[in-house]
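Structural overview for review
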Amino acid sequence: MNILSLVLWLPALGALLLLLVPRGADELARRVALGVALLTFLASLALPLGYAPAEAAGTRLTPDLQFVEELAWLPTWGISYSIALDGISLWLVMLTTFLTPVVVLSTWDSVHKEVRNFQILLLLLTTAMLGVFVAQDLLLFYIFWEFTLIPMTFLIGIWGGANRIYAARKFFLYTFAGSVLMLLAIIGIYVLHRQAVAVSDPAFVGTMNFSRIISDLRTGTFSLDTGVERLLFGAFFLAFAIKVPLWPFHTWLPDAHVEAPTAGSVVLAGVLLKLGGYGMIRYCVTLFPEASRWAAPAIAILAVIGIVYGAIVAFAQTDMKKLVAYSSVSHMGFIVLGIFALNMEGISGAVLQMVSHGLSTGALFLIVGVLYERKHTRELDAYGGLWKTMPVYAGFTLLVALSSAGLPGLNGFIGEFTIMQGAFLAPDLGWPFLGFAVLGVILAAVYLLKMFRGVFMGELDAANAELPDLSRRELATIAILCVPIVLIGLYPAFMFAPMQMSVGEVLDGFALLVAAGR
């Protein structure tokens, strides 16, 4: 088995292995899941170590892919098991494999019922998310995309809070509705591409291979009318906008985050939301360049509304988990703004910010979960002065909060700065969008420091005087996430280097197709 398939399917194989674990053997189930997650992460290290960024070679007609694996699946319709990596998907795959063992480790303190089934669903969800990032066949991509809904819905609906059924139903219906439109668009691309190629090759049966479709678009073998392209773009974009989520499609997210167990919130914020941002780069910008250019100003307006709205609503929250949930709406707005700046700075910054947000916000949800497991409340008024009784916990919380606020020297600053640079340089955006983005950064510091002050500053309530500091397991889960938070902030070049050629290839193709009117 090739390395990319091994990384992709190891979590699913681990889920099958867990079926052999007796139902009540909770400790064994956790250990098996943790072992599988660690093996997956260790195997995935071969990907960045073996990734070789290509040299610039002018305008590319096909994507620059590595670790390519292809196997005929439904050859009658030109559908294949086709997976590969490029510099855009590389770090998102690594984010997924890195977070999974951290999430499993956190379940020792937060998941106490049906532990085996929880771990099975978590590992299946990991395979589905990895599949979205590596799939190079449109149907395979869609299958993985849809499959992410099933484990996440059950994780919220079974292990969530008091309103878990409502939150799970809302999450499923919102994301499924957008996905149906995307499926129709995928079928439309398949039919239109087959008809176009069959003119010169009557024996052509069609294909859903992404690289082949892109190549035919860039050589002129296949083209889309302006109206058709915009309709197809809209169907893809709506599915991705709901998943991000972009304002005003965000209303499912706070409910899902608040009701999900801590581990579910970490996965949701850390990786699942990134599927939408990745899809916008991989499919919207690449397949529909003219429509992307046409829609960019309107989408950027929605993005900056989300940045400011999410920050203001986050400031108004008294529930810490809901505050972090609305902060995701704000931070994901930055990512969408960077993508639709449609330049190297914006898209590169968006990819880096997806990774940074996954680390910082995942850590914030773990931090909120620590207090919830001790007092079973997330209300700010229930705390105060905890720096005196939980100093280690307070120190890590301050580091993560400053990271999320974009402090220079930590990971959040690099992505946001690059995105704002991209927005400023974009001919269709410029100063107004940069101004709102800067306001979002300021507001992020306001609501995060408000949360920190409410929990750790002031007088220590007698009811909290005996709260224990971080256990060794809690310390490990949070400290592990803090390592890349600091490393990326101090040396982001190692993150940018692999993605430059891939982002450049997307933009080269974008410029080529826009110039040709295709």
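Rules behind the numbers
Residues numbered from 1 in each chain as written. Predicted model: local features only at pLDDT ≥ 70, side-chain atom pairs only at ≥ 80, totals over all residues. Heavy atoms only, no water. Phe/Tyr/Trp six-rings, centres within 6.5 Å; stacked < 30°, edge-to-face > 60°. Helix = DSSP H or I, 4+ residues; strand = E, 2+ residues; numbered from the N terminus. Buried < 20%, exposed > 50% of the residue type's maximum accessible area, 1.4 Å probe, protein only. Lys NZ or Arg CZ within 6 Å of the ring centre and 35° of its normal. Salt bridge = Lys/Arg side-chain N within 4 Å of Asp/Glu carboxyl O. Contact = heavy atoms within 4.5 Å. Expected span 1.5 Å × (residues − 1). Bend = angle between axes of the 7 residues up to and from the residue. UniProt positions renumbered as here; feature names shortened; annotations may be inferred. Core = buried A, V, L, I, M, F, W, Y, C linked by side-chain atoms within 4.5 Å. Axes fitted to C-alpha atoms, helices over the stretch in contact; angles between N-to-C directions. Parallel < 35°, antiparallel > 145°, perpendicular 65-115°, else oblique. Left-handed = near helix turned anticlockwise from the far one by under 90°. Nonpolar A, V, L, I, M, F, W, Y, C, P; charged D, E, K, R; others polar. Polar contact = N/O pair within 3.5 Å; in protein donor to acceptor, adjacent residues only side chain to side chain. Pairing = 2+ DSSP bridges. Patch = residues over 30% accessible without salt bridge, like charges linked within 9 Å, V, L, I, M, F, W, Y side chains within 5 Å. Areas by Shrake-Rupley, 256 points an atom, 1.4 Å probe, with all protein chains shown as cover.

1. Some thoughts on the packing of aromatic side chains
Enumeration over the complete set of coordinates arrives at 26 aromatic pairs. Here the aromatic rings of Trp91 and Phe494 are separated by 5.8 Å at their centres, their planes lie at 85°, and the arrangement is edge-to-face. You can see Trp91 sitting in helix H4 (residues 87–110) and its partner Phe494 sitting in helix H21 (residues 493–516), a full 403 residues away along the chain. Taking the relative accessible area as the measure of exposure, Trp91 reaches 10% and is therefore buried. According to the relative accessible area criterion, Phe494 is partly exposed, its value standing at 29%. Judged by centre distance (6.3 Å) and plane angle (10°), the rings of Tyr491 and Phe494 are stacked. A network of ring pairs unites the aromatic residues Phe141, Trp145, Phe210, Phe233, Phe236, Phe237, Phe240, Tyr283, Phe288 and Phe340 as a single cluster. Its end group placed over the ring of Trp145, Lys243 keeps NZ or CZ at 4.9 Å from the ring centre.

2. Side note on the pattern of salt bridges
With the rule as written, the count across this model stands at 11 salt bridges. In this structure, the salt-bridge partner of Glu114 is Arg23, at a minimum N-O distance of 3.4 Å. With Glu114 in the loop between H4 and helix H5 (115–134) and Arg23 in the loop between helix H1 (3–18) and helix H2 (26–44), this pair connects stretches of sequence that are 91 residues apart. Given the relative accessible area of 35%, Glu114 is considered partly exposed. For Arg23, a relative accessible area of 54% puts it in the exposed group. Ionic pairing is found between Glu290 and Arg293, a salt bridge with its closest N-O pair at 3.3 Å. Of this pair, Glu290 and Arg293 both sit in helix H14 (residues 289–316), three residues apart, which is roughly one turn of the helix. On the basis of relative accessibility, which here comes to 12%, the residue Glu290 falls in the buried class. Since its relative accessible area comes to 35%, Arg293 is described here as partly exposed.

3. Topic: the environment of Met499
Mapped onto the secondary structure, Met499 falls in helix H21. Residue Met499 is classed as buried on the basis of its relative accessible area of 0%. Placed 32 residues apart in sequence, Met499 and Leu467 show a C-alpha to C-alpha distance of 45 Å. Beyond its immediate sequence surroundings of up to four residues, Met499 is in contact with Gly87, Trp91, Ser348, Val351 and Leu352.

4. Quick word on H1
Across its 16 residues, H1 extends 23 Å between first and last C-alpha, which sits within 8% of the 22 Å expected from 1.5 Å per residue. At Trp9, H1 shows its largest kink, close to 40°, and the proline Pro11 lies no more than four residues downstream. Within the sequence span of H1, burial applies to Leu4, Ser5, Val7, Leu8, Leu10, Pro11, Ala12, Gly14, Ala15 and Leu18.

5. Some points on the UniProt feature "domain: NADH:quinone oxidoreductase/Mrp antiporter transmembrane" (unreviewed entry) in the chain
Sites flagged by UniProt as "domain: NADH:quinone oxidoreductase/Mrp antiporter transmembrane" (unreviewed entry) map to residues 135–426. In residues 135–426, helix accounts for 78% and strand for 0%; the two terminal C-alpha atoms are 30 Å from one another.

6. Observations concerning the nonpolar core
Core analysis: the biggest nonpolar cluster contains 189 residues, and Phe236 and Leu337 have the highest contact counts within it. Considering each element in turn, this core owes the most residues, 15 residues, to helix H16 (residues 344–375). Setting aside its immediate chain neighbours within four residues, Phe236 contacts Met182, Ala185, Ile186, Ile189, Tyr283, Cys284 and Phe288.

7. A few points about the packing of helix H8 (residues 164–198) against helix H9 (residues 210–219)
For the pair H8 and H9, the least separation of the axes is 12 Å and the interaxial angle reads 55°. Judged on the interaxial angle alone, H9 and H8 are oblique. Relative to H9, H8 is oriented so that their crossing is left-handed. Between H8 and H9, the contacting residues are Ile189, His193 and Val197 on the first element and Arg212, Ile213 and Asp216 on the second. Residue composition of the contact of H8 with H9, grouped by class: three nonpolar, one polar and two charged.

8. Observations concerning the side chain of Gln317
By secondary structure assignment, the location of Gln317 is in the loop between H14 and helix H15 (320–339). Residue classification places Gln317 among the buried residues on the basis of a relative accessible area of 14%. Contacts of Gln317, omitting those with residues within four sequence positions, involve Lys322, Leu323, Tyr326, Leu380 and Lys450.

9. Regarding H9
For the α-helix, the turn length of 3.6 residues means that residues three or four positions removed from each other point alike. When you tally the buried positions in H9, you get eight out of 10 residues, the bulk of the element. If you check which residues of H9 are buried, you get Phe210, Ser211, Ile213, Ile214, Ser215, Asp216, Leu217 and Arg218. Looking at where H9 begins, the residue whose side-chain oxygen comes 3.1 Å from the main-chain nitrogen of Ser211 is Asn209. Trailing H9 by a residue or two, Gly220 shows a phi angle of about 90°, which is positive.

10. A word on the pairing of strand S1 (residues 66–74)
With six bridges joining them, S1 and strand S2 (residues 79–85) adopt antiparallel strand pairing. Note that in S2 the partner of Ala72 across the bridge is Ser80. In this antiparallel pair of consecutive strands, S1 and S2, the connection spans four residues, and Gly78 shows a positive phi of 70°.

11. Comments concerning the environment of His357
Looking at where His357 falls in the secondary structure, it is placed in helix H16. By relative accessible area, which is 3% here, His357 ends up buried. Along the chain, His357 and Val308 lie 49 residues apart, while their C-alpha atoms are 17 Å from each other. When near neighbours in sequence (up to four residues on either side) are disregarded, His357 contacts Ala269, Leu273, Lys274, Ser328, His331, Met332 and Gly362. A distance of 3.2 Å separates polar atoms of two side chains, one belonging to His357 and the other to Ser328.

12. Concerning a nonpolar patch on the surface
Taken together, the side chains of Phe176, Val180, Leu181, Leu184 and Ile187 define a hydrophobic patch exposed on the protein surface, amounting to about 390 Å² of accessible area. Checked against the element boundaries, Leu184 lands in helix H8.

13. Side note on the packing of H15 against helix H19 (residues 431–456)
The axes of two packed helices give the description: the angle between them and the distance between them. The N-to-C vectors of H15 and H19 enclose an angle of 160°; their axes lie 11 Å apart at closest approach. As far as their axial angle goes, H19 and H15 are roughly antiparallel. In this structure, the crossing between H15 and H19 has a hand that is left-handed. Facing H15, whose interface residues are Met320, Leu323, Ser327, Ser330, His331, Phe334 and Leu337, H19 presents Phe433, Ala437, Gly440, Val441, Tyr447, Met451 and Val455. Tallied by class, residues from the contact of H15 with H19 come to 10 nonpolar, four polar and no charged.

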